[in-house]
Amino acid sequence: MKKTNDRQRTFMLMTIPMLILFFLFNTFPLINGFIYSFTNFRGYGTYDWVGLRNYIDLFQDARVGKSYLFTIKMALVATVVTNVISLILALGLISKIRFKSALRGLYFIPNILGALVVGYIFNYFFTYLMPAFLNMFGGNATSILASTKWAWIAIVIVCSWQSIAMNTIIYISGLQTVPEDVYEAGAIDGATGWARFKHLMFPLIIPFFSINMVLCVKNFLMVFDQIVALTKGGPAQSTESISFLIYNNGMSGGQFGFQSANAVLFFVIIVIFSVAQLTITGKKEEQL
């Protein structure tokens, strides 16, 4: 009995400090931000309670609405691109090819680089190298980042390029759990190519597909570093993500209370997206 108590006391001593730190640096700021969302706090000085006015103004602010549309569009497109390419790479990297271990390490390199570093490298590529290359063929190309119509494509490319690495590893892990018996049974039934993937492989890796989809949507909805490095929300606020808007106007724009309300709304939307994805994929798993 004494040993059990000592063990429990040890676990408590390990857990309580982490719980305190989590509360101080996560839960407390979250609660504080929620309280500020009902005020006109500018980030400094005094403030007054305004009730639900900030939340009402959110739905009447054209700039906020534009940032939500851009972020959701970018997140959905980047999620599809990332998962399609990741799955194709995973299928190639589990096959019997030479140097597949080295290739897995090579494809994982983008994930270990900082998002800001990657963003600034691609900024140079889109601003100087790509136009110079296109102009070699007699064109008059300019930076894609200067276009209100195409700048978001550059952000999708950068976000996808860096996210493909982790998604590929997760898909490889899922594909390696598929028993060889399944492939052998499929081969006997004549299942090859697309039919083999659709009816044998994909149903068995749906849990891994669900994880990748949820992580992708969540991460892309929260895109920030790539925006800072590539466009800073421009041109003409056409690539202003929700996270960038909250940070930029909340910290230095004197809208701390208003953007706190925006952050609360954004949190709710991310939860809704995540729950909806898990519900849909969970039902798909039950059907199988």
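Read on for a plain summary of the structure. Everything numeric in this text was worked out from a predicted model, so none of it was measured. (Residues numbered from 1 in each chain as written. Predicted model: local features only at pLDDT ≥ 70, side-chain atom pairs only at ≥ 80, totals over all residues. Heavy atoms only, no water.)

**Some remarks on unusual backbone geometry**
Which entries qualify depends on this criterion: Numbering of helices and strands runs from the N terminus; a helix is a DSSP stretch of H or I covering at least four residues, while a strand is a stretch of E covering at least two.
Of note, the amide linkage connecting Gly-234 to Pro-235 takes the cis form, showing an omega dihedral of -10 degrees. Assignment of secondary structure puts Pro-235 in the loop between helix 10 (225-230) and helix 11 (242-251).

**Quick look at the pattern of salt bridges**
The following threshold applies: The salt bridge criterion pairs a side-chain nitrogen of Lys or Arg with a carboxyl oxygen of Asp or Glu, the two atoms within 4 Å. Using a 1.4 Å probe on the protein chains alone, a residue whose accessible area is under 20% of its type maximum counts as buried, one over 50% counts as exposed, and one in between counts as partly exposed.
With the rule as written, the count across this model stands at 1 salt bridge. For the salt bridge of Arg-63 with Glu-240, the shortest nitrogen-to-oxygen distance reads 2.6 Å. In this pair, Arg-63 sits in helix 3 (residues 62-93) while Glu-240 sits in the loop between helix 10 and helix 11, placing the two residues 177 residues apart along the sequence. Accessibility expressed as a relative area gives 28% for Arg-63, which makes it partly exposed.

**Looking at the state of the cysteines**
Two cysteines, two sulfur atoms, one covalent bond between them: this is a disulfide. What counts here: Pairs of cysteine sulfur atoms within 2.5 Å are identified as disulfides in what follows.
By the definition in use, this model includes 0 disulfides. Free of any disulfide, Cys-159 has its nearest neighbouring cysteine sulfur in Cys-216, separated by 10 Å. With a relative accessible area of 2%, Cys-159 lands in the buried category. Of the residues examined, Cys-216 reaches a relative accessible area of 3% and is grouped as buried.

**Concerning helix 9 (residues 206-221)**
So the rule is basically this: To estimate how far a helix should reach, multiply one less than its number of residues by 1.5 Å.
Spanning 16 residues, helix 9 covers 22 Å between terminal C-alpha atoms, matching the ideal 22 Å at 1.5 Å per step. For helix 9, the complete set of buried residues consists of Ile-206, Ser-210, Asn-212, Met-213, Val-214, Cys-216, Val-217, Phe-220 and Leu-221.

**Side note on the nonpolar core**
Where we set the bar: To define a nonpolar core, start from buried Ala, Val, Leu, Ile, Met, Phe, Trp, Tyr and Cys residues and group those joined through side-chain atoms within 4.5 Å. Contacts are residue-level and defined by heavy atoms, with any inter-residue pair within 4.5 Å sufficient.
With 38 residues, the main nonpolar core has Met-74, Phe-126, Ile-155, Phe-220, Leu-230 and Phe-266 as its most contacted residues. Looking at this core, the elements with two or more residues in it are helix 2 (53-58), helix 3, helix 5 (115-135), helix 6 (151-175), helix 9, helix 10, helix 11 and helix 12 (256-287). If near-sequence neighbours (up to four positions away) are discounted, Met-74 is found in contact with Ile-155, Val-156, Cys-159, Phe-220 and Val-223. Membership of the second largest hydrophobic core comes to 10 residues, among which are Leu-87, Tyr-171, Ile-172 and Val-178.

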